[in-house]
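Working through the structure, step by step
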Amino acid sequence: QPINRLTVPNGTLLMTSLQSFDSLLKDIHKKDAPYKLALLRAKASFSGLWVYREDHTEVRILGALAKIAPAFLTLDGVGEAIREMEWGSDLKVESAKKAHGRLETREVTMTEGNAEIPYSFEMPKWWEMREGVTIPAIPVGKPKESGKGYVPERNPYFKKFTTRTMRPVIDFDTCVKCTLCWIQCPDSCFDVMPDGTYDANMEACCGCGVCEAVCPVEHCITMVNESVFDDNASQWEMWRKDKGGYKTWMTSKIGDKNATVRSHGFRFRGQYEKELETNLDAGGVEITAGIPGENAQHKTV
Ligand code: SF4
Ligand code: SF4
């Protein structure tokens, strides 16, 4: 970070997002030279370091690149390359062409963007590092409120939330304390609260969506786009302090259909084809109901 750090003067930064240019420029840091912002309308495709949805983002990026730098890459060349690939298909070629046609571009001046100084930290010097490669075990965590709860120890330097495109929002009133989110979270994000519920620690969460997928209670965990949050404050502390206020906050976050989204892959074969029919890449509605056991419409305890 910042996302435009490597963008050269008058170069192009290509992004996939459903947000407007102005809204994105509230977060993108200012540059000391003008550049172009190219926007492909799409919901987040990656979250965390490993969650991948086969939603044609890679071929759509290739189609967009052919528009940005035609001397470097032609649209016909992109189509041929996609067809040659083991994973290629005519539908993917079609997606690349659509992206080429729909790419929006806007000039960004030196006065635009977020004026905040980017987050930085001092890197350890080579002489400060230990010899050899050893990975120490995670130390034991700390009890919370006289042992009624528990907070696991976490790496103080690896801030996984910086890769997050969405986060879980939890309804503590409907949680049945089944422990599944706590056990299944690949990053040990959940702190055990004194009342037996689980609070996802927002400094540690990478937004993979596994907790939402395993939670057996309908709408108890909902993945919401990261852009609608301003901080990493504890949801459980907010809920404990003011249950009515939390409900209002939570409802406003999970009620926005543009901001709620699953990050954990597709639910059934052919889902992307169905989503194409709804013009998802132009802001259409995502198909989210499907497999029982996930956060489908008829999920019950
Ligand atoms: S809290 Fe949920 S979304 Fe965050 S890393 Fe854990 S399982 Fe993934
Ligand atoms: S999976 Fe859902 S119901 Fe189970 S403890 Fe987590 S939030 Fe509560």
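Before reading on, note that the structure itself is shown above.
1. Some thoughts on the packing of aromatic side chains
By convention here, two paired aromatic rings are described through the distance between centres and the angle between planes. If you walk through the whole model with that rule in mind, you get eight aromatic pairs. Judged by centre distance (5.5 Å) and plane angle (25°), the ring pair of tryptophan 182 and tyrosine 198 falls under stacked. Taken together, the residues span a long stretch of sequence, with tryptophan 182 in helix α5 (residues 180-184) and tyrosine 198 in strand β10 (residues 198-200) at a distance of 16 residues. Look at tryptophan 182 and you get partly exposed, because its relative accessible area is 37%. Judged by centre distance (5.5 Å) and plane angle (35°), the ring pair of tyrosine 246 and tryptophan 249 falls under tilted.

2. Digging into the pairing of strand β1 (residues 12-17)
Burial along β1 is one-sided: Leu13, Met15 and Ser17 are buried, and none of Thr12, Leu14 and Thr16, which face the opposite way, are. Looking at chain direction, β1 and strand β2 (residues 35-41) are connected through six bridges and run parallel. Directly across from leucine 14, in β2, lies its bridge partner alanine 38. Viewed along the sheet, the connection from β1 through helix α1 (residues 21-27) into β2 turns out right-handed.

3. Things to note about the site of ligand 2
Taken together, Cys175, Val176, Lys177, Cys178, Thr179, Cys181, Tyr198, Cys215, Pro216, Val217, Cys220 and Ile221 are the residues near ligand 2. For the shell around ligand 2, the per-class residue count stands at 10 nonpolar, one polar and one charged.

4. Let's talk about the nonpolar core
In this structure, Val169, Ile170, Phe172, Cys181, Phe190, Ile221 and Tyr246 are the most contacted members of the largest nonpolar core, which totals 26 residues. For this core, the secondary structure elements donating two or more residues are β8 (166-170), β9 (190-192), β10, β11 (221-225), α7 (235-241) and α8 (243-254). Setting aside residues no more than four positions away along its own chain, phenylalanine 172 makes contact with Thr197, Tyr198, Asp199, Gln235, Trp236, Trp239 and Tyr246. Grouped together as the second largest cluster of nonpolar side chains are 10 residues, Met15, Leu24, Tyr35 and Leu39 included.

5. Describing the site of ligand 1
Neighbouring residues of ligand 1: 13 residues in total, closest Cys185, Cys205, Cys208, Gly209 and Cys211. Within the shell around ligand 1, the residues separate by chemical class into 11 nonpolar, two polar and no charged.

6. Notes on unusual backbone geometry
In terms of backbone geometry, most residues other than glycine have negative phi values and most peptide bonds are trans. One non-glycine residue with positive phi stands out, namely asparagine 10, at about 65°. Looking at where asparagine 10 falls in the secondary structure, it is placed in the segment before β1. Despite not being glycine, lysine 177 has its phi angle at roughly 60°, a positive value. Structurally, lysine 177 can be placed in the loop between β8 and α5.

7. Focus on the packing of helix α2 (residues 57-68) against helix α4 (residues 90-102)
Between α2 and α4, the shortest axis-to-axis distance is 7 Å and the interhelical angle comes to 40°. Between α2 and α4, the angle falls in the class oblique. Taken as a pair, α2 and α4 cross one another with a handedness that is right-handed. Contacts between α2 and α4 involve Val59, Arg60, Gly63, Ala64, Ala66 and Lys67 from the first element and Lys92, Ser95, Ala96, Ala99, His100 and Gly101 from the second. Per-class residue counts for the contact of α2 with α4 are five nonpolar, four polar and three charged.

8. Regarding the sheet that holds β1
With mixed pairing, the three strands of this open sheet are ordered in space as β1-β2-β5. Lying at the two open borders of the sheet, with one neighbouring strand each, are β1 and β5 (104-108). Sheet twist, expressed as the average angle between the axes of neighbouring strands with direction ignored, equals 25°. Both β2 and β5 contribute to a ladder of five bridges, which runs antiparallel. Along β5, the bridge assignment pairs tyrosine 35 with valine 108. Set on the sheet, α2 makes contact with β1 and β2; between it and β1 the angle comes to about 145°.

How each quantity is defined
Residues numbered from 1 in each chain as written. Chains lettered and ligands numbered in written order. Predicted model: local features only at pLDDT ≥ 70, side-chain atom pairs only at ≥ 80, totals over all residues. Heavy atoms only, no water. Phe/Tyr/Trp six-rings, centres within 6.5 Å; stacked < 30°, edge-to-face > 60°. Helix = DSSP H or I, 4+ residues; strand = E, 2+ residues; numbered from the N terminus. Buried < 20%, exposed > 50% of the residue type's maximum accessible area, 1.4 Å probe, protein only. Pairing = 2+ DSSP bridges. Right-handed = clockwise from strand over helix to strand, strands pointing away. Near = heavy atom within 4 Å. Nonpolar A, V, L, I, M, F, W, Y, C, P; charged D, E, K, R; others polar. Core = buried A, V, L, I, M, F, W, Y, C linked by side-chain atoms within 4.5 Å. Contact = heavy atoms within 4.5 Å. Axes fitted to C-alpha atoms, helices over the stretch in contact; angles between N-to-C directions. Parallel < 35°, antiparallel > 145°, perpendicular 65-115°, else oblique. Left-handed = near helix turned anticlockwise from the far one by under 90°.

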